[in-house]
Amino acid sequence: MTQVQVTDRVSSQPHEEKTANSGSGFTPRSLAKALPQALRKLNPAHMVRTPVMFIVEMGALITIIVGFFKPSVFVFSLAIWLFLTVVFANLAEAVAEGRGKAQADALRSAKTAAVGRVRREDGSIEEVPAADLRPGDIVVVCAGETIPGDGDVVKGAATVDESAITGESAPVIRESGGDRSAVTGGTRVLSDEIEVRITSEPGNTFVDRMIDLVEGAQRQKTPNEIALSAFLSVLTLIFLFVVATLVPMADYAGAMQPIEVLIALLVCLIPTTIGALLSAIGIAGMDRLMRRNIMATSGRAVEAAGDVTTLLLDKTGTITVGDRQASAFIPARGVSEDEIAYGALLSSLADETPEGRSIVEFATTTMGVGPIPESEYRNAEFIPFSAETRMSGVQRTPEHCIVKGAASEILKWVTAKGGTVTEDVNETVREISSDGGTALVVAEEKAGARRVLGSLHLKDVIKEGMTERFAHLRKMGIRTVMITGDNELTARAIAKEAGVDDYLAGAKPEDKLALIRSEQRGGNMVAMTGD
């Protein structure tokens, strides 16, 4: 599978439009920085790879030499224009190389600035630069801090924002033990505190590999470009022969032409513009991708993208917005809508996760609840969301507590003290899941008795315009397949709403690879977007 790498995954702000990438690559500043490199590329050993421009460079050199023996405005003007033509041919390539180097330098700078708080054997904490961390070091990372290196969680659990690496805007839970313990350097802890055992050697982290990828991306010629270059070379030889035959003919006619005129004629005849623009066109295409935070590892990859027949897409952050949004409050039997809306709002006031903020917004704007007077929670103790408990809430008084969280955890919380869960609650949770959503449950404890207030429907919001894009891809003959770790019911509902042709539910990394190989064995050119 041809790779076109997405590089905004390594940005600390992946979903913001970067100023550096928002404009054209050929700005006065970028041209000025690239000019020295373009001049270095005038080396004949480099120029000979492009026969058309090599001929122009030799013509400029000969014209300059002639100018010293027969000085004239015409000769020097001609030499200057030939020289500028060659410089322009090198400038676009130099600009793109400069942008790639700048991107790698930015990654390297971010890596150098990272610091890890290492826990020593005596329990003390020592700050160590990320570049000096060694396998086996135990690093303490708190909420709001960046994980300084690749490793495994050995203590605690936390929600982690991995969008800087994977592009998935929905936070994930990373905890010690099991298959959810691996963390990547450059990601950010959103809640709780974890201890991470560093597993990567210096220089072999994910960020290091991204730097190598950015610096290793080369403007390799595509098959079509190679064929066109060969054609232009043949034309150059033909016109070189034509101009050379004019010399004896002009001499015989008694109208011998100066060598600078013959050079000017040759440059006008050969496809100089096409030869100069070949590199510029390829670089411009790759530069446009880079300004959209996509790095093509070669021109061959861009050309191969035109042959894609199957497009695999991760769901979260690619097809959906990523942050699940509250879309409905469903009260339990015997509970009013106002009660569950009030409980959901109060239990989410201290929840800083995207889901918690969407619940507050839905309760206040759609349900018309609130704002809650400060007197209602002035002396309350808020329970922040924790990856370990998977719930948040508020202890209003010693006798009254309201919590909300994952359905399984809240239902266990209710039954742990003898509370009952009516069948309508379980049915609502199943219906939300079958509709492609995520169910949260709100419950309260009063005077030692616990009960369920109802369920909250969190929905993955399809990005605007995705259905139309998939329809356009279908017309182009490209089959779309959504890949997600969600269960079958959720995956089917989202796939239907998004309009993809097929889906793979409950997917693990090895399942993605197996699907790619299966498609390739079927003769398809496969593209993959996401992680």
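Bringing the packing of helix α4 (residues 51–69) against helix α9 (residues 259–269) into the picture now. If you want to describe how two helices pack, look at the angle between their axes and the distance between the axes. Two elements in contact, α4 and α9, have axes separated by 10 Å at closest approach and are oriented at 160 degrees. For the element pair α4 / α9, the angle class is roughly antiparallel. Where α4 crosses over α9, the handedness of that crossing is left-handed. Every residue of α9 that contacts α4 at Ile55, Val56, Gly59, Ile62, Thr63 and Val66 is listed here: Ile259, Glu260, Ile263, Leu266 and Val267. Per-class residue counts for the contact of α4 with α9 are eight nonpolar, two polar and one charged.

This part is about the pattern of salt bridges. The tally for this structure, following the rule as stated, stands at 17 salt bridges. Ionic pairing is found between Asp161 and Arg188, a salt bridge with its closest N-O pair at 3.8 Å. With Asp161 in strand β6 (residues 157–161) and Arg188 in strand β9 (residues 188–189), the pair connects residues that are 27 residues apart, well separated along the chain. Arg188 sits in the partly exposed class, given a relative accessible area of 36%. Of the charged contacts, one joins Arg474 and Asp501 as a salt bridge, the two residues approaching to 2.7 Å between their closest N and O atoms. With Arg474 in helix α16 (residues 466–475) and Asp501 in the loop between α17 (488–498) and β20 (502–504), the pair connects residues that are 27 residues apart, well separated along the chain. The partly exposed category is assigned to Arg474, whose relative accessible area is 40%. Of the residues examined, Asp501 reaches a relative accessible area of 35% and is grouped as partly exposed.

Attention now goes to the pairing of strand β19 (residues 479–483). Counting buried residues in β19 gives four out of five residues, a clear majority hidden from the surface. Strand direction decides the pairing type here: strand β12 (residues 310–314) and β19, joined by five bridges, are parallel. Looking at β19, one finds that Thr310 is bridged to Arg479. Bridge count between β19 and β20: three bridges; the pairing is parallel. Within β20, the residue paired with Ile483 across the bridge is Leu504. In this region the chain leaves β19, passes through α17 and returns to the parallel neighbour β20; the handedness of that crossover is right-handed.

The next thing to look at is the pairing of strand β10 (residues 193–198). Inspection of the sheet shows strand β4 (residues 138–142) paired to β10 by five bridges, in the antiparallel sense. Bridge pairing in β10 places Val139 opposite Val196. In this sheet, β10 lies alongside strand β5 (residues 151–155) in antiparallel orientation, the contact comprising four bridges. When the sheet's bridge partners are listed, Gly151 is paired in β10 with Ile198.

As a further point, take the packing of aromatic side chains. Tallied over the full model, the rule gives two aromatic pairs. Between Phe329 and Phe362, the aromatic rings sit 5.0 Å apart at their centres with planes inclined by 65 degrees, giving edge-to-face as the arrangement. Placement of the pair is Phe329 in strand β13 (residues 325–331) and Phe362 in helix α13 (residues 354–366), with a sequence separation of 33 residues. Under the relative-accessibility criterion, Phe329 is labelled buried at 7%.

The rules behind each value
- Residues numbered from 1 in each chain as written.
- Predicted model: local features only at pLDDT ≥ 70, side-chain atom pairs only at ≥ 80, totals over all residues.
- Heavy atoms only, no water.
- Axes fitted to C-alpha atoms, helices over the stretch in contact; angles between N-to-C directions.
- Helix = DSSP H or I, 4+ residues; strand = E, 2+ residues; numbered from the N terminus.
- Parallel < 35°, antiparallel > 145°, perpendicular 65-115°, else oblique.
- Left-handed = near helix turned anticlockwise from the far one by under 90°.
- Contact = heavy atoms within 4.5 Å.
- Nonpolar A, V, L, I, M, F, W, Y, C, P; charged D, E, K, R; others polar.
- Salt bridge = Lys/Arg side-chain N within 4 Å of Asp/Glu carboxyl O.
- Buried < 20%, exposed > 50% of the residue type's maximum accessible area, 1.4 Å probe, protein only.
- Pairing = 2+ DSSP bridges.
- Right-handed = clockwise from strand over helix to strand, strands pointing away.
- Phe/Tyr/Trp six-rings, centres within 6.5 Å; stacked < 30°, edge-to-face > 60°.

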